[in-house]
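In case you want the letters, here they are:
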Amino acid sequence: THTLDMKLLASLLTAAVLAAPVFSAFAAGDAPKVAKPDLVKGEASYTAVCAACHGADGNSAIAVNPTLAQQHPEYLVKQLQEFKSGKRNNAVMKGFATMLTDEDMKNIAYWVASKPAKAGFAKDKDLVTLGERIYRGGIADRNIAACAGCHSPNGAGIPAQYPRLSGQHADYTVAQLNTFRDGSRANSQQMTQVAAKLNDKEIKAVADYIAGLR
């Protein structure tokens, strides 16, 4: 009986050893494969589709068009997907985003995120103090939270939910805060609630301060 038990144990162990590679391969096959972004394709797509408005290296020279360099890639992908779906309403960007697959968006976003952003600067010295106060401390008596809480004190943002703001064109930031305030940009409830409480002067001040962050 002891001999039979030992033979049975040996057989079971052999079967387990032989099966292990099969189970390992099966498990590996089941694991979702996440393709790495292709930066070469990203650069080619960006150059063809985006560069005319956002600059050859993601640093826009046109104040109404945002600088994209060094932006969090996950945030850029989200915006492109929402332009495509219509959740973020912009006819021009919808046209471009519709041309892109999810893979294209990822490649573009990671390529442009790898480019260094050029420093910006504030222009209105009379407003920059007000802008700094709002950005760093909010407006307590109107329950307006400090921008720095989500976008960080130096404007670097917090990946992937909160975008980088430092050095962004003030004209673009003003336009976005206005669209959040009037409801025409509706893809961030949090920003809609903040912008709804800001007046024109405060929007201009905080946008100018953000332009000079670095």
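Reading guide: rules and limits
Just so you know, the residues in each chain are numbered from 1, in the order the chain's sequence is written. Per-residue local features of the predicted model are confined to residues with pLDDT of at least 70, and side-chain atom pairs are confined, for both listing and counting, to 80 or more; whole-chain, interface and lining totals are unaffected and use all residues. Processing note: side-chain calculations cover all non-hydrogen atoms of the structure and skip hydrogens and water entirely. What is meant by a nonpolar core is a set of buried Ala, Val, Leu, Ile, Met, Phe, Trp, Tyr and Cys residues, joined one to another through side-chain atoms within 4.5 Å. Summary of the burial criterion: residues with accessible area below 20% of their type's maximum are buried, those above 50% are exposed, and those between are partly exposed, where the area comes from a 1.4 Å probe applied to protein chains only. Secondary structure elements follow DSSP: runs of H or I of four or more residues count as helices, runs of E of two or more count as strands, with numbering from the N terminus. Two residues form a contact once any of their heavy atoms are found within 4.5 Å. We count a salt bridge whenever a side-chain nitrogen from Lys or Arg sits within 4 Å of a carboxyl oxygen from Asp or Glu. Orientation is described by axes fitted as lines to C-alpha atoms, over the contacting stretch for helices, and by angles from 0 to 180 degrees between their N-to-C directions. Put simply, angles under 35 degrees are roughly parallel, angles over 145 are roughly antiparallel, angles from 65 to 115 are roughly perpendicular, and the rest are oblique. Whether a crossing is left-handed or right-handed is set by the direction in which the near helix is turned from the far one by less than a right angle, anticlockwise for left-handed and clockwise for right-handed.

(A) Structural detail: the nonpolar core. Judged by nonpolar contacts, the single largest core of 19 residues is most densely connected at Tyr135, Val206 and Ile210. The set of elements that each furnish at least two residues to this core consists of α7 (125-137), α9 (170-182) and α11 (200-211). Ranked by the residues each element gives to this core, the list is headed by α11, at 5 residues. When sequence neighbours within four positions are dropped, the list of residues in contact with Val206 reads Gly131, Ile134, Tyr135, Cys147 and Leu177. Grouped together as the second largest cluster of nonpolar side chains are 17 residues, Cys50, Ile108, Ala109 and Trp111 included.

(B) Seen up close, the pattern of salt bridges. The full count for this structure, using the stated rule, is 5 salt bridges. Measuring nitrogen to oxygen at the nearest pair gives 3.8 Å for the salt bridge that ties Glu82 to Lys87. Judged by relative accessible area, which is 49%, Lys87 ranks as partly exposed. A salt bridge links Arg181 to Asp200; the shortest N-O distance between them is 2.5 Å. Within this pair, whereas Arg181 is found in helix α9, its partner Asp200 is found in helix α11, the two being separated by 19 residues in sequence. The class of Arg181 is partly exposed, set by a relative accessible area of 29%. On the accessibility criterion, Asp200 (54% relative accessible area) is exposed. Put simply, Lys78, Glu82 and Lys87 are held in one network by salt bridges that share partners.

(C) The packing of α9 against α11, seen in detail. One way to put it is that α9 packs onto α11 with a least axis distance of 8 Å and a crossing angle of 140 degrees. Classified by the angle between their axes, α9 and α11 sit oblique to one another. Between α9 and α11 lies a crossing of right-handed hand. For the pair formed by α9 and α11, the contact residues are Ala170, Thr173, Val174, Leu177, Asn178 and Arg181 on the first element and Asp200, Ile203, Lys204, Val206, Ala207, Asp208, Ile210 and Ala211 on the second.

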